[in-house]
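A look at the structure
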Amino acid sequence: MRKTVKIVIIIRMMENRQNLHNHTLFSDGNFSWERIVDQAESSNLEIIGISDHYFTTKVFHDVSLQGWLSNDLIRYLKLSAEGREKKRAGATKILWGMEIDTCLERLGCSLFELPWNKLNSLDFILFEYIGEKDIGGMDLNPKTMEELRANCRIPAIIAHPNIDKLDYYYGLENAFDIFGKFGFAIEIPAGCRNKWYWHRFDPKVLYKVNISIGTDTHEVLSEVGNITKALNFIQSNGLSDRLLKFT
Ligand SMILES: [Zn+2]
């Protein structure tokens, strides 16, 4: 009996049950970060990542960029510092990140003008729409990705990558070579919100990069723990070692 329990625990730990993409009331999510963490704990996640939006006009309508920087960002960083210190009874590790819209127009400035000295105090950054030129996302090329990596010194993840567009604009092998070379991990979409591409594309391309799991939780709390499909995909393709680890 005891042995069985031990084996179950070891298997669980090897699974790297993580979800690094969850929004809270701070941006456009429906729940407090505490409720997201509680849900993660009851879903036996090892790692939960809070990843609210950085300023983007698609989310923050009633505040200017300057106002957001001097009030909201400070509040978020304070929240993350307090959240880290708060002793939690559960075993789930809590990480604090942010999701950055890479469209210049919606962001209000260049990615290289962001307050990286502050952002680098977080645990990770999600970048959305990289390579999605049709909707304003940053062009994917080695020079800009290298420059971005020089600014962003913490784990960087491509949020909900649109594999069709990356393949169309850049060629998938080439795109993933660039991500791999400059240390950008790729999010494997879990849950119901984001599109699944990996039944149409060869998962072998994922051996070039590190990966993370994210559900992009907004309105549905049960999404926090909805990672089984993504985990099964990762395990059945021998990609478990590629999952980001935070020690
Ligand atoms: Zn998101």
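Above this text you will find the structure in question.
Please read all numbers here as calculations on a predicted model, not as lab measurements. (Residues numbered from 1 in each chain as written. Predicted model: local features only at pLDDT ≥ 70, side-chain atom pairs only at ≥ 80, totals over all residues.)

This next bit is on the packing of helix H7 (residues 163-170) against helix H8 (residues 172-181). At a minimum axis distance of 7 Å, the contact between H7 and H8 shows a crossing angle of 100 degrees. When the axes of H7 and H8 are compared, the pair comes out roughly perpendicular. Facing H7, whose interface residues are Ile-163, Leu-166, Asp-167 and Tyr-170, H8 presents Leu-172, Asn-174 and Ala-175. (Axes fitted to C-alpha atoms, helices over the stretch in contact; angles between N-to-C directions. Helix = DSSP H or I, 4+ residues; strand = E, 2+ residues; numbered from the N terminus. Parallel < 35°, antiparallel > 145°, perpendicular 65-115°, else oblique. Contact = placed C-beta atoms within 7 Å.)

On to the sheet that holds strand E4 (residues 124-128), then. Strand order in this open sheet of 7 strands is E1-E2-E3-E4-E5-E6-E7, and the pairing throughout is parallel. With one partner strand each, in any of the chains shown, strand E1 (18-19) and strand E7 (211-214) form the two edges of the open sheet. Both strand E6 (residues 184-189) and E7 contribute to a ladder of 4 bridges, which runs parallel. Of the residues in E7, the one forming a bridge with Ile-188 is Ile-213. (Pairing = 2+ DSSP bridges.)

Glancing now at unusual backbone geometry. With a phi close to 55 degrees, Asn-44 is a non-glycine residue in the positive phi region. Secondary-structure assignment places Asn-44 in the loop between helix H2 (33-42) and strand E2 (47-53). What makes Asn-44 partly exposed here is the crowd of 13 C-beta atoms within 10 Å. Phi at His-160 takes a positive value of approximately 25 degrees, unusual for a residue other than glycine. (Buried ≥ 20, exposed ≤ 12 C-beta atoms within 10 Å, placed from the backbone.)

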